[in-house]
Amino acid sequence: MSWTLSQSFLSYSSPVIKTIEMHTGGEPLRVIISGYPKIHGDTILQKRRYAKNNLDHLRKMLMFEPRGHNDMYGAVLVDTDLPGADIAVLFMHNGGYSTMCGHAIIALGRLVVDKKYVTATEPETEVNIQCPCGLVKTVVEYKDGKSGYVRFHSVPAFLFASNVEIKVKGYGMMTVDISYGGAFYAFISADVLGLDVRRSSTSDLKKTATAVSDAVKEQVKILHPGDDDLSFLYGTILTDGQDNWSADPTANVCVFADAQVDRSPTGSGVTARIALQHAKGFIQIGQKRIFESGVTKSLFSGTAIKQVKCGDFDAVVVEVSGQGHYTGEASFILEEGDIVGEGFLPN
């Protein structure tokens, strides 16, 4: 005999939240498509604050164990407030709510087309996605009724600070670059820390990158010229040090939020790294670079396509491309009395 979670003998203390499960380059994306309470606010940044202050129990329920894990990532669609936007999205992870997520944009591009939130056209369909950092113009490959690769144009990306000296616990004085690609990242070559992004253990990379992030947060004041809500360090990206342009892939590993390890090459991180490389003269407008995840070996491409300004900063718009994949669908509840099911992360 079959039964469903909607049967009356179950008593919920949460709504039934339905999701579509995806990944891009190995990095998961849990897209909430129904059951989430309305997220209030006149602007998307106000909606982000509302979710943080009023609905954070649902983030923990969906991102944490037993439904998720320390490295789970999610997205919830919200009402747009920006002319020209087809959809708007808030991103969530183990530590809260991010301002930009490239791997999520790549996956969402496919989902928006496949669920017919926009009218699909061949060979490509344009999708404009409003993120907390701004409008991200996205193009989805579409042929014979099937979506494929996705490329997006970033918000203005810029090198915030170069050759910043910080004191890292356990390592001493280190030099990092800080760059913005929809979120702020610290960049440092793994070899100066005695690591290799392709060969070192993920636990060692995570521990070291977290120490760098902690040092930057304590010692460097980060300011975005547009909005204070964007003025924070999201994570540290350890690189292979190969910043000069080459046809060969360059590898990196991003550790963000609360020591969360990105399985993909990190879309907003690729954006920020291209901005850094362009500002230092390592790459020119129109030169495509391939970026490899040190965790999964998955690939994104990145290209600086034009120069712009962001406040007083010289900036670039970066095109990033990759492909997302579907992994399933799910319905989640919190049964009444299930305290552990509210969400937990092992120490």
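Here the residue numbers are simple positions, counted from 1 along each chain's written sequence. Restriction of local features to residues with pLDDT of at least 70 applies here, the model being predicted, together with a cutoff of 80 or more for giving and counting side-chain atom pairs; totals for whole chains, interfaces and linings are based on all residues. Heavy atoms from the whole structure form the basis of all side-chain values; hydrogens and water molecules are not counted.

Digging into the pairing of strand E6 (residues 134-143)
Along any regular strand, the residues point their side chains to alternate faces of the sheet. Definition in use: DSSP calls a pair of strands paired once it identifies at least 2 bridges connecting them. Labels follow the DSSP assignment, with helices taken as runs of H or I lasting at least four residues and strands as runs of E lasting at least two, numbered in each case from the N terminus.
When strand E5 (residues 124-131) meets E6, the two strands line up antiparallel, connected through eight bridges. Bridge assignment links Asn128 to a residue of E6, and that residue is Lys137. The turn linking E5 back onto E6 is made up of two residues. Pairing of E6 with strand E7 (residues 146-153) involves six bridges; the strand directions are antiparallel. Each residue of the ladder has a partner; that of Lys143, found in E7, is Lys146.

Examining the pattern of salt bridges
The following threshold applies: In the sections that follow, a salt bridge refers to a side-chain nitrogen of Lys or Arg positioned within 4 Å of a carboxyl oxygen of Asp or Glu. Buried, partly exposed and exposed residues are distinguished by accessible area as a fraction of the type maximum, computed with a 1.4 Å probe on protein chains only: under 20%, between the cut-offs, and over 50%, respectively.
For the coordinates displayed, the defined rule picks out 15 salt bridges. With a closest N to O distance of 3.6 Å, Asp240 and Arg198 form a salt bridge. Here the residue Asp240 occupies a position in the loop between strand E11 (233-239) and strand E12 (250-256), and Arg198 occupies one in the loop between strand E10 (184-189) and helix H4 (202-219), the gap between them amounting to 42 residues. The buried category is assigned to Asp240, whose relative accessible area is 17%. On the basis of relative accessibility, which here comes to 31%, the residue Arg198 falls in the partly exposed class. Counted as one network, the salt bridges with shared partners bring together Arg198, Asp240, Asp243, Arg273 and Glu292.

Overview of the nonpolar core
Cut-off, in case you're wondering: Here, nonpolar core refers to any group of buried Ala, Val, Leu, Ile, Met, Phe, Trp, Tyr and Cys residues whose side-chain atoms link them within 4.5 Å. The contact rule is simple, with two residues in contact once any of their heavy atoms fall within 4.5 Å.
Membership of the largest hydrophobic core comes to 107 residues, with the highest contact counts inside it found for Leu29, Tyr36, Phe91, Cys131, Ile166, Ile178 and Val216. If one sorts the elements of this core by residue count, helix H3 (residues 102-114) sits on top with eight residues. With sequence-adjacent residues up to four places away left out, Val216 is seen in contact with Ile166, Val176, Ile178, Ala186, Ile222 and Leu233.

Concerning H3
Here is the rule we go by: Multiplying 1.5 Å by the residue count of a helix minus one yields the expected span of that helix.
Between its first and last C-alpha, H3 extends 19 Å over 13 residues, near the 18 Å set by a 1.5 Å rise per residue. In terms of burial, H3 is a largely internal element, 12 of the 13 residues being buried. When we look at burial in H3, the residues that qualify are Gly102, His103, Ala104, Ile105, Ile106, Ala107, Leu108, Gly109, Arg110, Leu111, Val112 and Val113. Directly after H3, the chain includes Lys116, whose backbone phi takes a positive value near 65 degrees.

Overview of the packing of aromatic side chains
Rule in force here: Only centres within 6.5 Å qualify two rings of Phe, Tyr or Trp (six-membered ring in Trp) as a pair; their planes then separate them into stacked at under 30 degrees, edge-to-face at over 60, and tilted for everything else.
Evaluation of the coordinates by the stated rule reveals 11 aromatic pairs. Arranged with centres 6.5 Å apart and planes meeting at 50 degrees, the rings of Tyr73 and Phe91 form a pair that is tilted. Remark: Phe91 occurs in strand E4 (residues 87-92) and Tyr73 occurs in the loop between helix H2 (56-63) and strand E3 (74-78); sequence separation between them is 18 residues. As far as burial versus exposure is concerned, Tyr73 and Phe91 are alike and both buried. Centroid distance Tyr234 to Phe256: 5.2 Å. Interplanar angle 45 degrees. Geometry classified as tilted. Of this pair, Tyr234 sits in strand E11 while Phe256 sits in strand E12, and the two are 22 residues apart along the sequence.

Structural notes on the environment of Thr303
Turning to its location among the elements, Thr303 is positioned in strand E15 (residues 299-310). Contacts of Thr303, omitting those with residues within four sequence positions, involve Ile274, Gly286, Gln287, Lys288, Val317, Val318 and Glu319.

Comments concerning the pairing of E5
Most of E5 is tucked away: six of the eight residues are buried. Note that E4 and E5 share two bridges and pair parallel. Bridge pairing in E5 links Ile87 to Ile129.

Structural notes on the side chain of Ser189
For the record, the criterion: A 3.5 Å cut-off defines polar contacts: any pair of N or O atoms within that distance qualifies, except that in protein one atom must be a possible hydrogen donor and the other a possible acceptor, and neighbouring residues in sequence count only when both atoms are side-chain atoms.
Among the secondary structure elements, Ser189 is positioned in strand E10. Engagement of the side chain of Ser189 in a polar contact is seen with the side chain of Asp191, the distance being 2.7 Å.

A few points about the layout of surface pockets
Put simply, the rule is: Here a cavity denotes a set of grid points, spaced 1 Å apart and computed over the protein atoms alone, in which a 1.4 Å probe fits but from which it cannot get out, and a pocket denotes an open set meeting protein on both sides within 12 Å along at least five of seven lines; residues with an atom within 4 Å of a point are reported as lining. Grid points are joined across faces, edges and corners, and a volume is the space filled by probe spheres set on the points. Residue polarity follows a fixed list, in which Ala, Val, Leu, Ile, Met, Phe, Trp, Tyr, Cys and Pro are nonpolar, Asp, Glu, Lys and Arg are charged, and the others, Gly among them, are polar.
A volume near 270 Å³ is recorded for the largest pocket. In terms of lining residues, the largest pocket is bounded by 15 residues, among which Arg48, Lys52, Gly95, Tyr97 and Phe232 are the most central. Going through the elements one at a time, helix H1 (44-54) and E11 are the ones with two or more residues in the lining of the largest pocket. The leading source of residues in the lining of the largest pocket is H1, at three residues. Class assignment for the residues of the lining of the largest pocket results in five nonpolar, four polar and six charged.

Brief notes about the state of the cysteines
Here is the rule: Throughout, disulfides are identified as pairs of cysteine sulfur atoms within 2.5 Å of each other.
If you walk through the whole model with that rule in mind, you get zero disulfides. Between Cys133, a free cysteine, and Cys131, which holds the nearest cysteine sulfur, the sulfur-to-sulfur gap is 5.0 Å. The thiol sulfur of Cys310 is not disulfide-bonded, and the nearest other cysteine sulfur, from Cys133, lies at 10 Å. The class for Cys310 is buried, based on a relative accessible area of 12%.

A few points about the environment of Tyr73
Judged by relative accessible area, Tyr73 falls into the buried class, the value being 1%. C-alpha of Tyr73 to C-alpha of Met63: the two residues are 10 residues apart in sequence and 6.6 Å apart in space. Within polar-contact distance, the side chain of Tyr73 engages the side chain of Ser98 at 2.5 Å.

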